[in-house]
Amino acid sequence: MDKVIARIRGAAERQRAELFELLSIPSISAEPARKADMQRAAQWLLTKLQTMGVKSEIIPTPGHALVYGEHMAAKGAPTVLIYGHYDVQPVDPLELWTTPPFEPAIRGGAVFARGSSDDKGQVLCHLLAVEALLAETGGLPVNLKILIEGEEEVGSPNLTPFVGANREKLACDALVVSDSAFFAKGVPSLVYGLRGLCYIEVFVQGPNRDLHSGSFGGGVTNPADALAGMIAALHDSERRVGVPGFYDKVRPLSPAEREEYKRLPHNDEAYMKELGVSGLTGEAGFSTLERVSGRPTLEVNGIWGGYTGEGAKTVLPAKAAAKISCRLVPDQDPDEIAKLLEARLRALAPAGITVEVKQHHGGRPFMAALDSPYVEAGKAALEAAFGKRPVLAREGGSIPVVEAFSRELKAPVVLMGLGLPDDNPHSPNEKLDLEQFHKGIETAAHFLALAGKVGR
Ligand code: BES
Ligand code: MN
Ligand code: MN
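Numbering of residues starts from 1 in every chain and runs along the sequence as written. All chains are assigned letters beginning with A, and all ligands numbers beginning with 1, in the order in which they are written. The model is predicted, so local features are restricted to residues of pLDDT at least 70 and side-chain atom pairs to those at 80 or more, both for listing and for counting; the totals for chains, interfaces and linings are taken over all residues. For the side-chain quantities, the full set of heavy atoms in the structure was used; hydrogens and water were omitted.

**Examining the nonpolar core**
Operational definition: To qualify as a nonpolar core, a set must consist of buried Ala, Val, Leu, Ile, Met, Phe, Trp, Tyr and Cys residues joined through side-chain atoms within 4.5 Å. The buried label applies to any residue whose accessible area, calculated with a 1.4 Å probe on protein chains only, is under 20% of its type's maximum; exposed applies above 50%, and partly exposed to all values in between. Secondary structure counts use DSSP, requiring at least four H or I residues in a row for a helix and at least two E residues in a row for a strand, with both numbered from the N terminus. Should any heavy atoms of two residues lie within 4.5 Å, those residues are counted as being in contact.
With 62 residues, the main nonpolar core has Y86, L127, V130, F437 and F447 as its most contacted residues. The element contributing the most residues to this core is helix α4 (residues 120–137), with 10 residues. When neighbours within four sequence positions are excluded, F447 is seen to be in contact with V80, V176, Y374, A377, G378, A381, V414 and M416. Core analysis: the second largest hydrophobic core is formed by 28 residues, V202, F246, L328 and I337 among them.

**What about the packing of α4 against helix α15 (residues 434–451)?**
The criterion, for reference: Throughout, an axis means a line fitted to C-alpha atoms (over the contacting stretch in the case of helices), and angles, computed between N-to-C directions, take values from 0 to 180 degrees. With respect to orientation, any angle under 35 degrees is reported as roughly parallel, any angle over 145 as roughly antiparallel, any angle of 65 to 115 as roughly perpendicular, and every other angle as oblique. A crossing counts as left-handed when the near helix is turned anticlockwise from the far one by less than a right angle, and as right-handed when that turn is clockwise. In the scheme used here, Gly and all other residues not listed as nonpolar or charged are polar, with Ala, Val, Leu, Ile, Met, Phe, Trp, Tyr, Cys and Pro taken as nonpolar and Asp, Glu, Lys and Arg as charged.
Interaxial distance between α4 and α15 falls to 8 Å at its minimum, and their mutual angle equals 55°. Between α4 and α15, the interaxial angle falls into the category oblique. When you trace α4 past α15, the crossing you get is right-handed. Here α4 contributes G121, L124, C125, H126, L128, A129, V130 and L133 to the contact with α15, which in turn contributes F437, G440, I441, A444, A445 and L448. In terms of residue class, the contact of α4 with α15 is built from 11 nonpolar, three polar and no charged.

**Quick word on the side chain of K379**
Within the secondary structure, K379 is located in helix α13 (residues 373–386). For K379, a relative accessible area of 15% puts it in the buried group. Each residue touching K379, except ones within four places of it in the same chain, is listed here: L190, R389, P390 and L392.

**Side note on the layout of surface pockets**
In this approach a probe as big as a water molecule rolls over the atoms, and the regions it shows empty are the leftover space. Rule in force here: In this analysis a 1.4 Å probe is tested at points of a 1 Å grid over the protein atoms alone, and where it fits but cannot get out there is a cavity; an open set with protein on both sides within 12 Å along at least five of seven lines is a pocket; lining residues have an atom within 4 Å of a point. Grid points are joined across faces, edges and corners, and a volume is the space filled by probe spheres set on the points.
Considering only enclosed or pocket space, the second largest pocket measures out at about 260 Å³ in volume. Among the elements of the structure, α12 (334–348) and α14 (401–409) are those that each provide at least two residues to the lining of the second largest pocket. Ranked by residue count, the leading element in the lining of the second largest pocket is α14, at three residues. Here the residues of the lining of the second largest pocket are counted per class, giving four nonpolar, seven polar and four charged.

**Considering the coordination of the manganese ion (ligand 2)**
As a reminder of what qualifies: With water omitted from the atoms examined, metal sites may look incomplete; donors here are N, O and S atoms no farther than 2.8 Å from the metal, or 3.2 Å in the case of Na, K and Ca.
The coordination sphere of the manganese ion (ligand 2) contains the protein donors H85 (NE2), D118 (OD), D179 (OD) and D179 (OD), at a distance range of 1.9 to 2.5 Å. Mapped onto the sequence, the donors of the manganese ion (ligand 2) take the spacing H-x32-D-x60-D. Between the manganese ion (ligand 2) and the manganese ion (ligand 3) the interatomic distance comes to 3.6 Å, and D118 is a ligand of both metals. Of the two residues, H85 sits in strand β3 (residues 79–85) while D179 sits in the loop between β7 (174–177) and β8 (189–194), which places them 94 residues apart along the sequence. Comparing H85 with D179 shows no difference in burial state: the two are buried.

**Here's the deal with the pattern of salt bridges**
Applicable threshold: Any carboxyl oxygen of Asp or Glu that lies within 4 Å of a side-chain nitrogen of Lys or Arg is treated as forming a salt bridge with it.
Applying the stated rule across the entire model yields 33 salt bridges. Note that E131 and R14 form a salt bridge whose closest N and O atoms lie 3.3 Å from each other. With a gap of 117 residues between them, E131 in helix α4 and R14 in helix α2 (residues 12–23) connect regions that are remote in the sequence. For K439, the salt bridge goes to E435, with nearest N and O atoms at 3.0 Å. With K439 and E435 both in helix α15 and four residues apart, the pair spans about one turn of that helix.

**Some remarks on the coordination of the manganese ion (ligand 3)**
Test applied: Any coordination sphere not matching a tetrahedral pattern (four donors, all angles between 85 and 135 degrees) or a square planar or octahedral pattern (four or six donors, opposite donors over 155 degrees apart, other angles between 65 and 115) is reported as irregular.
Bound to the manganese ion (ligand 3) are the protein donor atoms D118 (OD), E153 (OE), E153 (OE) and H426 (NE2), situated 2.0 to 2.5 Å from the metal. Coordination geometry of the manganese ion (ligand 3): the six donor atoms subtend angles of 56 to 154° at the metal centre, consistent with an arrangement described as irregular. Sequence spacing among the residues donating to the manganese ion (ligand 3) works out to D-x34-E-x272-H. On the accessibility criterion, E153 (11% relative accessible area) is buried.

**Re the site of ligand 1**
Using the following cut-off: Only a single heavy atom is needed: when it lies within 4 Å of a molecule or strand, its residue is near that molecule or strand. Here a polar contact is recorded for every N or O atom pair within 3.5 Å, except that within protein the pair must consist of a potential hydrogen donor and a potential acceptor, and residues adjacent in sequence are included only if both atoms are side-chain atoms. Throughout, the Shrake-Rupley method with a 1.4 Å probe supplies accessible areas, and for residues the shown protein chains are the sole cover considered.
Surveying the vicinity of ligand 1 reveals 16 residues, the closest of which are E152, D179, R327, S398 and H426. Taking D118, its side chain carries an N or O atom lying 3.0 Å from an oxygen atom of ligand 1. Interatomic distance of 2.8 Å between a side-chain N/O atom of H426 and an oxygen atom of ligand 1. The protein chains hide 87% of the 520 Å² of surface that ligand 1 would expose on its own. Grouping the constituent residues of the shell around ligand 1 by class yields three nonpolar, seven polar and six charged.

Here you go:
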């Protein structure tokens, strides 16, 4: 392994150049105008894999293509499937970026660009580790499959059915995913839980046209006001979600798990200071860390209606709308929660308005079994590269397809995130710490070496 690590360290400059190339491609899956850029990103990965000596193909889907590669030459060794995504989130608000999102720039030991942490940089760590292993040893310690998709940020609508339909092709002994973050800088974490997602949009219609608020206000239900009231009723005074049935399938946090949470290094005061807030609210009876990763929530993502231009316009709007999402924990089901939420919104609507609900993409929650030797390999790999034993932590975010992988392939999942919690994914000035990137490559190499020894 020493030689492989030395080779990785000797190639830092080229690795950065390649990271910059990949980050320069604006592969925003949600924007139809970026179709050609999506194809360019897939092509870049295909060429990279092929040049490394990994047999690879682009697999078209009804949406954005998958990039798939295999290196199956390690007789008798386990098979590891690496998953990641090359699509990124939209960049707005653009004016808040210090440097343009697709012109990678280094400041303070980090590279700033959309997709640097989520997830192109983390994907590249794995590719560069495979490259170094192949170049140094002429082979790999495992049989390798690698699948990089272009639709994670839009809910993996095509990959999820693909996994079910291609169980044999994707069959593996373990799945490894680097698409999350350390608990803190210097505190690596092995993630064992991801929340699910249920996302809806609610449209509220009142009168058949905008009205003069002087002539009609007070007599006609105002849809914006009605929607605000309905949304307010979606939480009770203890910040529990006010949707009947919402908690029915929630797996409670075990006393042992709650003890683990207490051991994680977290301080509400410092957290508030870093975020620039003067207080915190959340579900009564739970700590901040529990609230943001181990408990289900409901959030308004956007709300609009009526006059929002300059100055004052006295109007009683005809319509209002909101985007609302719930983060889910095992064993909540996104479709069931959407139905409960819709029923609740309808029940809360005052006379004089109609309610329409549209469901967007979602994802199932996931909890990894921790008793797998591959999880142990993930922990040992992080420790080998970063010199610290990782903590076990649940994540509040979602990677929708992970649950499908686990269910369809019946393989243990190793969530070995390499980002940092302040990387600003989905926000302006997303970054990847360069130390995380370079040590991340070493981590990925150690992981494959250790995984190759499982069962032997
Ligand atoms: N990499 C994230 C998931 C994530 C976020 C893991 C934070 C750990 C911490 C992923 O790319 C993501 O953003 N997922 C979306 C899923 C959604 C679009 C269906 C999310 O969580 O909002
Ligand atoms: Mn991601
Ligand atoms: Mn993301």
